[in-house]
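Spelled out from the first residue to the last, the chains are:
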Amino acid sequence: MPSFDTVLETDMVKVKNAVENTSKEIGTRFDFKGTAAAIELKDKDITLTGDGDFQIDQIHDILRNKLTKAGVDVRFLDIGKVEKIGGDKVKQVTKVRDGIETEQAKKIQQLIKGHKMKVQAAIQEGKVRVTGAKRDDLQAAMALIRAEISDLPLSFDNFRD
């Protein structure tokens, strides 16, 4: 039975390199001298620290540029709220998405069921496996998912005949 997996995976090596390059640029830029501007990566959380909202926005712009240059889609970032941390310093935690969340997976599953295609979608630990009798049906399902789910940088792998 032909099948494929719909996944949401980011290349963490490229993300790590982009964060390190952003940190280097913060260290060399004149407008960040003598400020609390910093960026760090722990597991799948990127923490931005600065003196104010404007500085956090500047760091985010640098990070977005570095990620784009590295070929990482910025839709992988789940940007959190800016929080005050003592004095006039603020921080923002940005999560790197990895794996499709349950509600998004259900949305994909309902999308496929709603279009009455001759394929089945099953949610499996952060991915959605789509199976069908014909390869053409699977390709139509891929096109449908690409067209309808544009807020996530989904990719398709493990295509089997």
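Cut-offs and rules
- Residues numbered from 1 in each chain as written.
- Predicted model: local features only at pLDDT ≥ 70, side-chain atom pairs only at ≥ 80, totals over all residues.
- Heavy atoms only, no water.
- Helix = DSSP H or I, 4+ residues; strand = E, 2+ residues; numbered from the N terminus.
- Buried < 20%, exposed > 50% of the residue type's maximum accessible area, 1.4 Å probe, protein only.
- pLDDT = per-residue confidence, 0-100.
- Pairing = 2+ DSSP bridges.
- Axes fitted to C-alpha atoms, helices over the stretch in contact; angles between N-to-C directions.
- Contact = heavy atoms within 4.5 Å.
- Expected span 1.5 Å × (residues − 1).
- Arc of directions from axis to C-beta.
- Polar contact = N/O pair within 3.5 Å; in protein donor to acceptor, adjacent residues only side chain to side chain.
- Core = buried A, V, L, I, M, F, W, Y, C linked by side-chain atoms within 4.5 Å.
- Salt bridge = Lys/Arg side-chain N within 4 Å of Asp/Glu carboxyl O.

Structurally, the position occupied by Gln 109 is in helix α3 (residues 102–114). With a relative accessible area of 16%, Gln 109 lands in the buried category.

This part is about the confidence of the model for the protein chain. On average, residues of the protein chain score 92 in pLDDT, and 100% of them are at 70 or above. Confidence, expressed as mean pLDDT per element, reaches its minimum in the protein chain at strand β8 (residues 155–160) with 89 and its maximum at helix α1 (residues 12–28) with 95.

Sheet architecture is open: four strands sit in the order β6-β7-β1-β8, paired in antiparallel fashion. The open sheet has two edge strands with one neighbour each: β6 (119–124) and β8. Neighbour-to-neighbour, the strand axes of the sheet open up by a mean angle of 20 degrees, direction not taken into account. The sheet strands contacting α3 are β1 (3–7), β6 and β7 (127–132), and the helix crosses β6 at an angle near 170 degrees. Contacts between helix α4 (residues 135–148) and the sheet are confined to β1, β6, β7 and β8, with β8 contributing the most and set at about 170 degrees to the helix.

For the rest of this paragraph, the subject is α1. A rise of 1.5 Å per residue sets the reference length of α1, with its 17 residues, at 24 Å; its end C-alpha atoms lie 24 Å apart and thus fit the reference within 8%. Of all the residues in α1, the buried ones are Val 15, Ala 18, Val 19, Thr 22 and Ile 26. The arc that holds every buried residue of α1, seen down its axis, measures 100 degrees, which confines them to one face. α1 presents Val 13, Lys 24 and Thr 28 as exposed residues on the side facing more than 90 degrees away from its buried surface.

Okay, the side chain of Asp 5 next. Of note, Asp 5 is situated in strand β1. On the basis of relative accessibility, which here comes to 1%, the residue Asp 5 falls in the buried class. A polar contact is formed between the side chain of Asp 5 and the side chain of Arg 129, at a distance of 2.7 Å. In contact with Asp 5, other than residues within four places in its own chain, are Lys 127, Val 128, Arg 129, Ser 155, Phe 156, Asp 157 and Asn 158.

With that settled, consider the nonpolar core. With 39 residues, the main nonpolar core has Ile 39, Ile 46, Ile 108, Val 130 and Leu 154 as its most contacted residues. Counting only elements with at least two residues in this core, the list comes to α1, β3 (45–50), α2 (53–70), β5 (90–96), α3, β6, β7 and α4. Once you skip the residues sitting within four places of it in the chain, Val 130 turns out to touch Pro 2, Ser 3, Phe 4, Thr 6, Ile 112, Val 119, Gln 120, Ala 121, Leu 138 and Ala 141.

What follows concerns the pattern of salt bridges. Side chains that carry opposite charge are capable of pairing whenever their charged atoms lie near each other. For the structure on display, the rule yields 11 salt bridges. Between Lys 44 and Asp 98 there is a salt bridge whose closest N-O contact spans 3.4 Å. With Lys 44 in the loop between β2 (38–42) and β3 and Asp 98 in the loop between β5 and α3, this pair connects stretches of sequence that are 54 residues apart. Here Asp 98 falls in the partly exposed class, since its relative accessible area comes to 39%. Shared partners join several salt bridges into a network, and the residues in it are Glu 25, Arg 29, Asp 31 and Lys 66.

Taken in spatial order, the four strands line up as β2-β3-β5-β4 in an open sheet, and their pairing is antiparallel. If you trace the sheet from one side to the other, it starts and ends with β2 and β4 (77–84), each paired once. Across this sheet, the average inter-strand angle for adjacent strands is 20 degrees, counted without regard to direction. Sheet topology places β3 next to β5; six bridges connect them, and they run antiparallel. Bridge pairing in β5 links Leu 48 to Gln 92. Against the sheet, α1 contacts β2, β3 and β5, and its axis sits at roughly 160 degrees relative to β2.

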